[in-house]
Amino acid sequence: RLRAMRLAPVWLLAAEVGGNFMASLHSNYVVHLDFDSSELVGEDVKTVNLAKGQRKFRCRLPGAKNSSEQEDTPDAKKTFLAAKLAPYRGTCLRSTVDFWHYDLCSGSRVVQYRDDAGLRFSLGAHQPEGDRLLPTGEVRELYLFGAENRSTEVRYICGPAVPSFEVIEEPLHHYIMTVQGPAFCTWKENDGAKATTPNGTQLLVTSLLEPMRGKCLNITQGWWTYEYCYPTKMIQFHLEGDKRAPQYTLGALEGPSSPHHVEMGMIKMGASMSMRERRAPPSRHLTLEQKLGGGDVCDETNRHRKTTINFRCPADWQNRPETRIAGLTESSLCEYNATRTVETG
């Protein structure tokens, strides 16, 4: 998508242009053209002459007005809202207030119950048309038509992830449930690396990965199995029955790691070599990169093994949102690169 800013970059792929012009080329070329935004106001088409005027390219560009409108389309809001709530869908959060237990099953229903007294009340069914994405990044959901006309408003707000939620009843039979999570913050500080909650708590962007803390994932490639446990270590082993032998540490976390504060870098992943992605517009997506060092000494290099972990949001997160190791390569002797796709991306 092109945005009418000070410079609006346009990428033209010569591979997509037919005719004699292409026949004179021995390889594909990319032509990078910059248009000043002052020329774009009220205009949406530009004509560019190349090859001494023998070939003309018509570039359709959004004007400044159209560009701002496109950034706030209903489809975009719907996608952002779905991405924020993806980790909660299909699960139920639980909380206890006094003698009452509450189940919030995201996107489905809310229930209040007391097992000791045999009491159970519906607090409403999800009304998707009432979902709202606020400018702050927070989300609101409505659950209506519960027992005796009970209803619930669920507020997803910026904050560190916690396993339970707050519940208040105000007025009678109307409930407000508050769920905290870093996905509902506006990540604008330090180029998206930090956010500040309404109460002044500062979060690192790695807060988005906290649901993985203490969990381990495996991937088997040939004879070896690789296991990454967030955020502490990557190991390599051969599984023979229930025994891991041999086993090597490929890297470990260096320095302290407290909840919501794991030091990582933010980078752009290298361009894909596939023709499909080579023809796509340049991606602005950033990934988190973790460096793990101090692994077992490599016999061939006499140096400690080390691993670089890249965290990416899976392209198919809507259909396959689970967290997994997407791939692992040995970039050089005893140095490894792993890509992990996460549902919180």
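Residues numbered from 1 in each chain as written. Predicted model: local features only at pLDDT ≥ 70, side-chain atom pairs only at ≥ 80, totals over all residues. Heavy atoms only, no water.

K.L.:
Before we move on, can you summarise the overall build of the protein with the specific residues and values?
P.N.:
Regarding its fold elements, the protein presents four helices and 24 strands. Sequence separation of at least 24 residues holds for 45% of the intrachain contacts in the protein that already meet a minimum separation of 6. Counting only carbon and sulfur atoms, one obtains 51% of the accessible surface of the protein, whose full area is about 20600 Å². (Helix = DSSP H or I, 4+ residues; strand = E, 2+ residues; numbered from the N terminus. Contact = heavy atoms within 4.5 Å. Areas by Shrake-Rupley, 256 points an atom, 1.4 Å probe, with all protein chains shown as cover.)

K.L.:
Give me the environment of valine 111: which residues, what numbers.
P.N.:
As for its placement among the helices and strands, valine 111 is situated in strand β7 (residues 109–114). Valine 111 has contacts with His101, Tyr102, Asp103, Arg120, Phe121 and Leu123, leaving out every residue within four places of it along the chain.

K.L.:
Tell me what's going on with the state of the cysteines, and back it up with residues and numbers.
P.N.:
One pass over the full model with this rule turns up four disulfides. Sulfur-sulfur distance for the disulfide between cysteine 216 and cysteine 229 comes to 2.0 Å. Handedness here is read from the sign of the S-S torsion; for cysteine 216 and cysteine 229, about 110°, the answer is right-handed. Highlighted residues: cysteine 216 in strand β16 (residues 216–221) and cysteine 229 in strand β17 (residues 224–229), separated in sequence by 13 residues. (Disulfide = S-S within 2.5 Å.)

K.L.:
Before we move on, can you summarise the sheet that holds β17 with the specific residues and values?
P.N.:
Pairing is antiparallel in the open sheet, where four strands are placed in the order β16-β17-β18-β19. On the outer flanks of this sheet lie β16 and β19 (243–252), each paired with one strand and no other. Direction aside, neighbouring strands of the sheet carry axes that sit 25° apart on average. Relative to strand β18 (residues 233–240), β17 is paired through five bridges, and the arrangement is antiparallel. Bridged to tyrosine 226 within β18 is glutamine 236. (Pairing = 2+ DSSP bridges. Axes fitted to C-alpha atoms, helices over the stretch in contact; angles between N-to-C directions.)

K.L.:
Residue-level account of the sheet that holds strand β21 (residues 287–292), with values.
P.N.:
With mixed pairing, five strands are arranged side by side in an open sheet as β20-β21-β22-β24-β23. In this open sheet, the two edge strands, each paired with only one partner strand, are β20 (265–267) and β23 (324–332). Each neighbouring strand pair of the sheet contributes to a mean axis angle of 25°, computed without reference to strand direction. Bridge analysis of strand β22 (residues 306–312) against strand β24 (residues 335–341) gives seven bridges, and the strand direction is parallel.

K.L.:
Describe the pattern of salt bridges, with residues and values.
P.N.:
Tallied over the entire structure, the rule returns twelve salt bridges. Residue aspartate 116 is joined to arginine 114 by a salt bridge in which the shortest nitrogen-to-oxygen separation is 3.1 Å. The shortest N-O distance in the salt bridge between lysine 291 and glutamate 289 comes to 3.8 Å. Since its relative accessible area comes to 55%, lysine 291 is described here as exposed. Among the charged side chains, a salt-bridge network with shared partners connects Glu138, Arg140, Glu153 and Arg155. (Salt bridge = Lys/Arg side-chain N within 4 Å of Asp/Glu carboxyl O. Buried < 20%, exposed > 50% of the residue type's maximum accessible area, 1.4 Å probe, protein only.)

K.L.:
Provide a residue-level description of the confidence of the model for the protein, including the pertinent values.
P.N.:
In this model, the protein carries a mean pLDDT of 80, and residues with pLDDT of at least 70 account for 73%. For residues 1–31, every residue scores under 50 in pLDDT, and the model assigns this stretch 67 contacts once sequence neighbours within four places are set aside. Note that residues 35–41 has pLDDT below 50 and, in this model, 18 contacts with residues that lie over four places away or in other chains. (pLDDT = per-residue confidence, 0-100.)

K.L.:
Kindly report on the pairing of strand β13 (residues 174–181), identifying the contributing residues and their values.
P.N.:
The two faces of the sheet receive side chains in turn, since in a regular strand these alternate between them. Within β13, six of the eight residues are buried, which leaves it mostly tucked inside the rest of the structure. In this structure, strand β11 (residues 151–158) lies alongside β13, joined through eight bridges in parallel fashion. Its bridge partner being in β13, isoleucine 157 is matched across the sheet by glutamine 180. What sits between strand β12 (residues 166–169) and β13 in their antiparallel hairpin is a turn of four residues, with histidine 173 showing a positive phi close to 70°.

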